[in-house]
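Okay, here's what each chain looks like letter by letter:
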Amino acid sequence: EYRYLLDPTFPTIATFLSVLLIAAANYLREERERRQIKGAFGQYVSPDLVDQLAEEPDRLQLGGEMRELSILFSDVRGFTTISETYKDNPTGLTLLMNRFLSVLSDAILAEKGTIDKFMGDAVMAFWNAPLPTANHTDAACRAALNMLSDIRALNEKRRVEAEEDENAEPYVPIDIGIGINTGNCVVGNMGSYSRFDYTCLGDSVNRASRLEGQTKSYGVGIILGSKTAEAAKEAFAVMELDLIRVKGKTEPERIFALLGDQTYRDSSAFKALDEANTKMLATFRAKELDEALDALHVVEECQKTLELGLEDSYILDFQFRIEDFRENPPGADWDGVYTATSK
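Keep in mind that what you see is a predicted model, and the values were worked out from it rather than measured.

Trainee: I'm lost on helix H10 (residues 268-285) in this one. Help?
Mentor: In an α-helix, one turn spans 3.6 residues, which is why side chains three or four residues apart end up on the same side. Over its 18 residues, H10 extends 26 Å from the first C-alpha to the last, a length consistent with the 26 Å expected when each residue adds 1.5 Å. Looking only at H10, the buried set comprises Phe-270, Leu-273, Ala-276, Asn-277, Met-280, Leu-281, Thr-283 and Phe-284. Packed against the buried residues of H10 are strand E7 (237-245), strand E8 (253-260), helix H9 (262-265), helix H11 (289-306) and helix H12 (312-327).

Trainee: What is the right way to look at the pattern of salt bridges in this model?
Mentor: Two side chains that carry opposite charge are able to pair once their charged atoms sit near each other. Across all of its chains, the model carries 20 salt bridges by this definition. Across the salt bridge formed by Glu-111 and Arg-142, the nearest N and O atoms sit 3.0 Å from each other. Remark: Arg-142 occurs in helix H5 (residues 136-164) and Glu-111 occurs in the loop between helix H4 (90-110) and strand E2 (114-119); sequence separation between them is 31 residues. By relative accessible area, which is 17% here, Glu-111 ends up buried. Counted as one network, the salt bridges with shared partners bring together Glu-156, Arg-159 and Glu-163.

Trainee: Mind showing me how you'd approach the side chain of His-136 here?
Mentor: With respect to the secondary-structure elements, His-136 resides in helix H5. Among the residues examined, His-136 registers a relative accessible area of 8% and is labelled buried. There is a polar contact of 3.1 Å between the side chain of His-136 and the side chain of Glu-68. Not counting the four nearest positions on each side in its chain, His-136 is found in contact with Glu-68, Leu-69, Ser-70, Trp-127, Asn-128 and Thr-182.

Trainee: Please explain the state of the cysteines as it appears in this structure.
Mentor: Each disulfide is one covalent bond, formed between the sulfur atoms of two cysteines. This structure, assessed with the given rule, holds 0 disulfides. This cysteine, Cys-200, is not joined by any disulfide, and Cys-185 carries the nearest cysteine sulfur, 5.1 Å off. Exposure remark for Cys-200: the relative accessible area of 2% places this residue in the buried category.

Trainee: Help me understand the side chain of Asp-242 in this model?
Mentor: Within the secondary structure layout, Asp-242 lies in strand E7. Relative accessible area serves as the criterion here: at 2%, Asp-242 is assigned to the buried category. Polar side-chain contacts of Asp-242 include one of 2.7 Å to the side chain of Tyr-218. A distance of 2.6 Å separates a polar atom in the side chain of Asp-242 from a polar atom in the side chain of Arg-321.

Rules used in this analysis
- Residues numbered from 1 in each chain as written.
- Predicted model: local features only at pLDDT ≥ 70, side-chain atom pairs only at ≥ 80, totals over all residues.
- Heavy atoms only, no water.
- Helix = DSSP H or I, 4+ residues; strand = E, 2+ residues; numbered from the N terminus.
- Expected span 1.5 Å × (residues − 1).
- Buried < 20%, exposed > 50% of the residue type's maximum accessible area, 1.4 Å probe, protein only.
- Contact = heavy atoms within 4.5 Å.
- Salt bridge = Lys/Arg side-chain N within 4 Å of Asp/Glu carboxyl O.
- Polar contact = N/O pair within 3.5 Å; in protein donor to acceptor, adjacent residues only side chain to side chain.
- Disulfide = S-S within 2.5 Å.

Set out below in structure tokens:
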């Protein structure tokens, strides 16, 4: 009955234990890798993406790599005014900002975005890393529209709370601007040897930040770079705003407003606005100032009667440019580019 022990092909107990130990070591190593990945990415990547990374760590390329990303920057307009209402209640301001940033984070993570960092009242996020994201421009646009919608809902809830609680701080609505740009970036773990973050760097990142800074000037909630707009125009209501040279850049950028989803895009209201605005920009760049002003008046009427998401600042800005050109005509070499003087 013990003949099998004499069979030279039968593994010894020592060999069996050795194989078992190797298997256990491999399992423990893999579990350690999973925990490390979850610890590294769990704070700024959606849970399902973290699970994918943990199960398929080979898909994660640590260190820097060049990849096309859609980058989003969001910032609060008039944060100083909000903070002043809480000058005697810093705890209340902290709670408000945590509440506000949670709303933005949820909208980003729901579209499988990666939260790069929080900068006070600002948020930076990107799509298409650490894992590839199909149609990452559309995902970024959906997240941005949801961010605006969710902030409006939060403002309404805060307004009701302030009315019901006489001890509450005065209600000041939160308004945000969002810039989205798409382009090649270096993405990976960057920093010092002792402290690093998963982040992205490059000119495309800087442009996204500059676009966010222009939202107040143009009176829109979301501004897209040209590459983002080109990819998103079939699925979203995208309207050209200007040909602009942002501060610190030499190359001009055609910028666009993101005003709504595909239903909005297909509405007669948006089509009327977009048609009038396209005519206004074309005639303005051709120095046909009377025609440009007439078209601008149509844009203004569309805004007033249909509430299409533009603020008066966009109308007033082009009205000022047209009137200024009447008195100070641009030279023959004018290329139609507007140079922004602020970030």
